[in-house]
Amino acid sequence: MMDAHEIWITIALMTAATVITRASFFLFARVRLPAGVRHALRYAPPVAFAAIVMPDILLANGALMSDWRNPRIIGAIAATLFFLASRHLLGTIIVGMLAYTAARLWL
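Residues numbered from 1 in each chain as written. Predicted model: local features only at pLDDT ≥ 70, side-chain atom pairs only at ≥ 80, totals over all residues. Heavy atoms only, no water.

**Student:** Even after reading the chapter, I still don't get the overall build of the protein chain, so can you show me in this structure?
**Tutor:** The helix and strand inventory of the protein chain stands at five helices and two strands. When the helices and strands of the protein chain are placed in sequence order, the string is α-α-α-β-β-α-α. Expressed along its principal axes, the backbone C-alpha trace of the protein chain runs to roughly 60 × 45 × 25 Å. Residues counted as buried form 10% of the 107 residues belonging to the protein chain. Taking all contacts inside the protein chain whose residues are at least 6 apart in sequence as the whole, residues at least 24 apart take part in 26%. (Helix = DSSP H or I, 4+ residues; strand = E, 2+ residues; numbered from the N terminus. Buried < 20%, exposed > 50% of the residue type's maximum accessible area, 1.4 Å probe, protein only. Contact = heavy atoms within 4.5 Å.)

**Student:** What is the right way to read helix H1 (residues 4–27) from this model?
**Tutor:** Because an α-helix completes one turn every 3.6 residues, residues spaced three or four positions apart along the sequence face the same direction. Taking 1.5 Å of rise per residue, the 24 residues of H1 would be expected to cover 34 Å, and the 32 Å separating its terminal C-alpha atoms lies within 8% of that figure. Of all the bends in H1, the greatest measures close to 35 degrees and is centred on Thr21. (Expected span 1.5 Å × (residues − 1). Bend = angle between axes of the 7 residues up to and from the residue.)

**Student:** What is the right way to look at unusual backbone geometry in this model?
**Tutor:** For residues besides glycine, phi is generally negative; the peptide bonds are generally trans as well. Its identity is not glycine, yet Asn61 carries a phi of approximately 55 degrees, on the positive side. Of note, Asn61 is situated in the loop between strand E1 (59–60) and strand E2 (63–64). On the basis of relative accessible area, Asn61 is assigned to the exposed category, the value being 84%.

**Student:** How should I be thinking about helix H4 (residues 71–86) in this particular structure?
**Tutor:** Between its first and last C-alpha atoms H4 spans 22 Å; for 16 residues at 1.5 Å apiece the expected length is 22 Å, and the two agree. Residues Pro71, Ile73, Gly75 and Ala79 constitute the buried set of H4. Contacts from the buried residues of H4 go to helix H3 (44–58) and helix H5 (89–106). Capping the start of H4 is the job of one residue whose side-chain oxygen sits 3.0 Å from the backbone nitrogen of Arg72: Asn70. In the stretch just after H4, Arg87 is the one whose phi turns positive, near 60 degrees. (Polar contact = N/O pair within 3.5 Å; in protein donor to acceptor, adjacent residues only side chain to side chain.)

**Student:** Got a minute to help me understand a nonpolar patch on the surface in this structure?
**Tutor:** Together, Leu27, Phe28, Val31, Leu33, Val37 and Leu41 make up an exposed nonpolar region whose accessible area comes to about 570 Å². The topology assignment puts Leu33 in the loop between H1 and helix H2 (35–41). When its relative accessible area of 38% is taken as the criterion, Leu33 is described as partly exposed. (Patch = residues over 30% accessible without salt bridge, like charges linked within 9 Å, V, L, I, M, F, W, Y side chains within 5 Å. Areas by Shrake-Rupley, 256 points an atom, 1.4 Å probe, with all protein chains shown as cover. Salt bridge = Lys/Arg side-chain N within 4 Å of Asp/Glu carboxyl O.)

**Student:** Is there a simple way to explain the side chain of Asn70 in this structure?
**Tutor:** Tracing the chain through its elements places Asn70 in the loop between E2 and H4. A polar contact is formed between the side chain of Asn70 and the backbone oxygen of Ile57, at a distance of 3.2 Å. Setting aside residues no more than four positions away along its own chain, Asn70 makes contact with Ile57 and Met65.

**Student:** Would you mind going over the side chain of Thr92 with me for this structure?
**Tutor:** Along the polypeptide, Thr92 turns up in helix H5. Apart from the residues lying within four places of it in its own chain, the contact partners of Thr92 are Ala79, Phe82 and Phe83.

Given below as structure tokens:
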């Protein structure tokens, strides 16, 4: 069990870590990253999104659901194809949910 002194040190350190990470864009604004690093950082948002979404699509109760009749996979494929064709985000969500719902009802 932590005593009050350790709790306050922990709170102070976590506050400092939060402020530093959130203020790093201002603190290091003049630092120029190498072109390779900047190019690699462009892929961070899609990779993070895939890491969050793909397990929900492919896993059920911790087991891989690779069957083509998985409504989540059908919805994800439909949404992906629509987005690649149109680049319309709201339409992608609607098409993906419609395909998922249809697959759930008919499969």
